[in-house]
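# Structure at a glance
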Amino acid sequence: MVQKTPNIVGVAAGNENFSTLVAAVKAADLVATLSSDGPFTVFAPTNAAFEALPEGTVESLLKPENKMTLTSILTYHVVSGKVMAADVVKAIKENGGKYMVETVQGNKLTLSLDGDSVVLTDAKGGTATVAQADVAASNGVIHAIDAVVMPE
């Protein structure tokens, strides 16, 4: 029997390090979007990344009245297309050490290198480092990051 690779939501749901992200994706009604054909590249904050936010932030964002803000933050972590780590590193090196990507949310993330690690810099100057790259999904790829990046 051939084991089919789950989609992005399925992969995240199957990893306990992404339980907060999965709860947020459900609260923002993004399950169908991130389960669609894509392909997508998701810079997925780990539970520890969400826990590092100011106390009460996650609980507040999960409330129905904050769905638009939550959706904006989550889609800021998604890029159209399947971008593997080697492609990211190549693009950074070919563009003088920085590579801008447009997110599904509409704002840009700046990707750069710190040694061998890929670093994302958000619109507010906050940074996140890719902790685990190239987690395969049927409709794209997940790169686990150690912080939540924020749009403008």
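Rules used in this analysis
Residues numbered from 1 in each chain as written. Predicted model: local features only at pLDDT ≥ 70, side-chain atom pairs only at ≥ 80, totals over all residues. Heavy atoms only, no water. Helix = DSSP H or I, 4+ residues; strand = E, 2+ residues; numbered from the N terminus. Polar contact = N/O pair within 3.5 Å; in protein donor to acceptor, adjacent residues only side chain to side chain. Contact = heavy atoms within 4.5 Å. Buried < 20%, exposed > 50% of the residue type's maximum accessible area, 1.4 Å probe, protein only. pLDDT = per-residue confidence, 0-100. Pairing = 2+ DSSP bridges. Axes fitted to C-alpha atoms, helices over the stretch in contact; angles between N-to-C directions.

## Considering the side chain of threonine 103
Structurally, the position occupied by threonine 103 is in the loop between strand 3 (98–102) and strand 4 (108–114). Side-chain polar atoms of threonine 103 contact the backbone oxygen of asparagine 107, separated by 2.8 Å. Not counting residues within four places of it along the chain, the set of residues in contact with threonine 103 comprises Thr75, Tyr76, Val78 and Leu109.

## Details of unusual backbone geometry
A cis amide bond links glycine 38 to the next residue, proline 39, at an omega of 0°. Its place among the elements puts proline 39 in the loop between helix 3 (31–35) and strand 1 (40–45). One non-glycine residue with positive phi stands out, namely aspartate 29, at about 55°. Mapped onto the fold, aspartate 29 is located in the loop between helix 2 (19–27) and helix 3. For aspartate 29, a relative accessible area of 51% corresponds to the exposed category. In the Ramachandran plot, aspartate 134 falls in the positive-phi region, its phi being about 60° despite a non-glycine side chain. Accessibility expressed as a relative area gives 32% for aspartate 134, which makes it partly exposed.

## As for the confidence of the model for the chain
This prediction gives the chain a mean pLDDT of 95; 98% of its residues lie at or above 70. When mean pLDDT is taken per element in the chain, strand 1 scores highest with 98 and helix 3 scores lowest with 94.

## Digging into the sheet that holds strand 1
Here seven strands make up an open sheet; going across it, the order is 2-1-7-6-5-4-3 and the pairing mixed. Each edge of the open sheet carries a strand with a single partner, namely strand 2 (78–80) and strand 3. In this sheet, neighbouring strand axes are inclined to one another by 30° on average, regardless of whether the strands run parallel or antiparallel. Note that strand 6 (residues 127–137) and strand 7 (residues 140–145) share five bridges and pair antiparallel. The residue of strand 7 that forms the bridge with valine 130 is isoleucine 145.

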